[in-house]
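Each chain, letter by letter, is given below.
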Amino acid sequence: MAASVRTAFDGARASAVPSSRSLPQARVVAALARIEARKMLRHPAFLLTVAFGLLLLRGMVGVRAGEGGLMINLVWLVAGVAVGSLIGAVLTANVAALRARRDHLLELFGSLPSPAEARTAGVLAGVVVGLGGLAAVVGGLAWVGLERFDDTSTAADLFLAVQYPLSVLALGALGVAVARWIPSVLGGPLVVIAHVFTGIIWVLPWIATTDSDIARAWHLAYLLAVIAGFAGLAFLRDRRTVLRVLVVVGAFALAVVAAVQQTPPGGY
Amino acid sequence: MTAPTIEIDDIHKRFGHTTALRGVAFDVSAGITGLLGPNGAGKTTLLRMMATVLAPDDGRLRLLGWDPHAADERLAIRRRLGYMPQEPGFHRSFTAFEFVDYVAILKEMTDRRARHDEVRRVLDAVGLESVSGRKIKALSGGMRRRVALAQALLGDPDLLVLDEPTAGLDPEQRLRFRELVSDRTADRTVMLSTHQTEDVAALCQRVVVMLDGQVLFEGTPGELTDVAEGRVWLADARAPSARLSWRTASGAHRNIGEAPAGADLVAPTLEDGYLLLVGDRAFAEEAA
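Figured I'd write up the structure that's included with this text. Just so it is clear, the model here is predicted, and its values are computed rather than measured. (Residues numbered from 1 in each chain as written. Chains lettered and ligands numbered in written order. Predicted model: local features only at pLDDT ≥ 70, side-chain atom pairs only at ≥ 80, totals over all residues. Heavy atoms only, no water.)

## Observations concerning the interface of chain B and chain A
Part 1 of the reasoning: The interface is formed by 35 residues belonging to chain B together with 32 residues belonging to chain A.
Part 2 of the reasoning: Across the interface of chain B and chain A, roughly 3100 Å² is buried in total on both sides, 59% from carbon and sulfur atoms.
Part 3 of the reasoning: On the surface where chain B and chain A come into contact, there are 2 salt bridges.
Part 4 of the reasoning: Close ionic contact of Lys39(A) with Glu98(B) constitutes a salt bridge, the shortest N to O distance being 2.8 Å.
Part 5 of the reasoning: Scanning the region where chain B abuts chain A turns up 8 residue pairs in polar contact (both at pLDDT 80 or more).
Part 6 of the reasoning: Put simply, the parts of the chain that give the side of chain B that touches chain A at least two residues each are helix H2 (71-78), strand E5 (81-84), helix H3 (96-106) and helix H4 (112-125) of chain B.
Part 7 of the reasoning: In terms of residue count, the dominant contributor to the side of chain B that touches chain A is H3(B) (7 residues).
Part 8 of the reasoning: Residue composition of the side of chain B that touches chain A, by class: 16 nonpolar, 6 polar and 13 charged. (Contact = heavy atoms within 4.5 Å. Buried area = accessible area lost by both parts, 1.4 Å probe. Salt bridge = Lys/Arg side-chain N within 4 Å of Asp/Glu carboxyl O. Polar contact = N/O pair within 3.5 Å; in protein donor to acceptor, adjacent residues only side chain to side chain. Helix = DSSP H or I, 4+ residues; strand = E, 2+ residues; numbered from the N terminus. Nonpolar A, V, L, I, M, F, W, Y, C, P; charged D, E, K, R; others polar.)

## Quick word on the sheet that holds strand E2 (residues 18-28) of chain B
Residue and element names in this part refer to chain B.
Part 1 of the reasoning: The 3 strands are arranged E2-E1-E4 in an open sheet whose pairing can be described as antiparallel. Looking at the sheet topology across the chains shown, the edges are occupied by E2 and strand E4 (58-63). Neighbour to neighbour, the strand axes of the sheet diverge by 25° on average, direction disregarded.
Part 2 of the reasoning: Bridge count between strand E1 (residues 6-15) and E4: 5 bridges; the pairing is antiparallel. Opposite Glu 7, over in E4, you have Arg 62 as the bridge partner. (Pairing = 2+ DSSP bridges. Axes fitted to C-alpha atoms, helices over the stretch in contact; angles between N-to-C directions.)

## Remarks on a positive patch on the surface
Part 1 of the reasoning: Together, Arg34(A), Arg38(A), Arg42(A), Arg92(B), Arg112(B), Lys135(B) and Lys137(B) make up a positively charged patch on the protein surface.
Part 2 of the reasoning: Tracing the sequence through the fold places Arg38(A) in helix H2 (residues 26-41).
Part 3 of the reasoning: Relative accessible area serves as the criterion here: at 32%, Arg38(A) is assigned to the partly exposed category. (Patch = residues over 30% accessible without salt bridge, like charges linked within 9 Å, V, L, I, M, F, W, Y side chains within 5 Å. Areas by Shrake-Rupley, 256 points an atom, 1.4 Å probe, with all protein chains shown as cover. Lys, Arg positive; Asp, Glu negative; His and termini not counted. Charge placed at Lys NZ, Arg CZ, Asp CG, Glu CD. Buried < 20%, exposed > 50% of the residue type's maximum accessible area, 1.4 Å probe, protein only.)

## As for the pattern of salt bridges
Residues and elements named next belong to chain B.
Part 1 of the reasoning: Counted under the stated rule, the structure contains 21 salt bridges over all chains.
Part 2 of the reasoning: Between Asp 272 and Arg 254 there is a salt bridge, and its shortest N-O distance comes to 2.5 Å. Here Asp 272 is found in helix H9 (residues 270-287), whereas its partner Arg 254 is found in strand E12 (residues 253-257), with 18 residues between them in sequence.
Part 3 of the reasoning: Where salt bridges share partners, they join Arg 174, Arg 178, Glu 198 and Asp 199 into one cluster.

## A look at the packing of aromatic side chains
Part 1 of the reasoning: Taken as a whole, this structure holds 4 aromatic pairs over all chains when the rule is applied.
Part 2 of the reasoning: Taking the centre distance of 5.8 Å and the plane angle of 35° together, the rings of Phe109(A) and Tyr102(B) count as tilted. Of the two residues, Phe109(A) sits in helix H5 (residues 106-110) while Tyr102(B) sits in helix H3, which places them in two different chains. Taken as a pair, Phe109(A) and Tyr102(B) share a single burial class, namely buried.
Part 3 of the reasoning: Ring centres of Phe230(A) and Phe252(A) lie 5.4 Å apart, and the angle between their planes is 70°; on these two criteria the pair is classed as edge-to-face. In this pair, Phe230(A) sits in helix H10 (residues 213-238) while Phe252(A) sits in helix H11 (residues 242-262), placing the two residues 22 residues apart along the sequence.
Part 4 of the reasoning: In this structure Phe230(A) comes out as buried when scored by relative accessible area, which is 12%.
Part 5 of the reasoning: Three or more aromatic residues joined by ring pairs make a cluster, and in this case those are Phe109(A), Phe94(B) and Tyr102(B).
Part 6 of the reasoning: The side chain of Lys39(A) reaches across the aromatic face of Phe94(B), ending 4.5 Å from its centre.
Part 7 of the reasoning: Between the NZ or CZ atom of Arg237(A) and the centre of the ring of Trp181(A), over which it lies, the distance is 4.8 Å. (Phe/Tyr/Trp six-rings, centres within 6.5 Å; stacked < 30°, edge-to-face > 60°. Lys NZ or Arg CZ within 6 Å of the ring centre and 35° of its normal.)

In short, shape yes, function no, at least from these values alone.
In structure tokens form, the structure reads like this:
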């Protein structure tokens, strides 16, 4: 408790610091992204959630034998990685975005020429390069693998392969936004728990399995809007500008419209 | 005397009901300046202002010729500044190299090869080259302080602000620190706060003593030592007129205060001057 109070006090003090008003340099963000991506992929929270996902779906592996059985089993393994990495994206991105505050580095970082936005952008870019990159590779390999066999080609779905990395990015951006507005290590886990154990999971569709092309397009628009909305929300904490407010409001408005549009008549 | 690189004019700062700085004013030129004072004197508050992480409530501050209150000028200062906070934080899961590299990126060193060379240079300068691949959580307290010093040295900044850089360092590391800081070229400005008067005597061209948010003394270490001239003597026991007295290894008492006639006066140190200066003020306030 005392530590969290001290952290909050440090944060309050550092927030009074006059920050660099320049926008972060792209090369600074790219260099930070490399480090953040590496740290996120190796972070125990990410590795544990992936292991948890595999454990969750291990019962499905080996259920089907014979021709194509191996591929189906691999698909379940991929699904395990996917479930784990979706949860892991929230937690790992949240921890990465909290790191400077948690480690009492706001004072030192406040004396450096790169503004706070550089670190926020670095973590978000790290989510794209690291977690999003891994999801794209895993989703792509699963799709290519399924496509190769007659027995499994009907299960191959490019739409799933595309929306999986986008969902990882959206959840990673959610983790960063939560860290910027709720400066506590409990923020990320609470978001995951609230998401899974309440009705929110049905309100915010992450993975959609619709056959309708229009619903698919709305879902992709929804994911992109959510990514932009959460990323904008994270940057809004660093500095409030009219443009950023408009981006956040516009992105979430689009997300609401897209969520409604893709919902089948009568609901899920 | 060269043009001042730090200009402080009538600076005030309050935190709630506490006044941290009240009308602080002095100039600092290139070279090493030591900031002495008891806990709560306002040293760290002043250094935070010099590091551009805290704004004064009132007064005028210019660093390297720029006004830190103006956004563009503040950025220009930060590009030429190295800062080691009193309680430096660390990314504990990073290695020493990774952490200093991370700070180097935030210092806008974007060329990867040149940046890594610079990170190796500063880690080598603080004697951490052999443990640069070790995680910070596995390093000792003294090593961590050297990591903090290494990041401050990145890019050979024009203005180096160090808040108690030798706290927690062993004697050998302190000597190495002196060597490192004194090696810096004469056109750089180093501002360091410390409780170690030996460091000030050994390193600094100028010294500023603070007490209760005000400047009590500004001058050379020799001038501060002169404050105790004729006021330090050895005796067999504690003298009644001594403000401070302690038994030395030889068995004699070293007395500091108003020496009696015929006292066995000895050469004062900078620490004697500092103790008398701070003690005189406290004595005057008590009397008032």
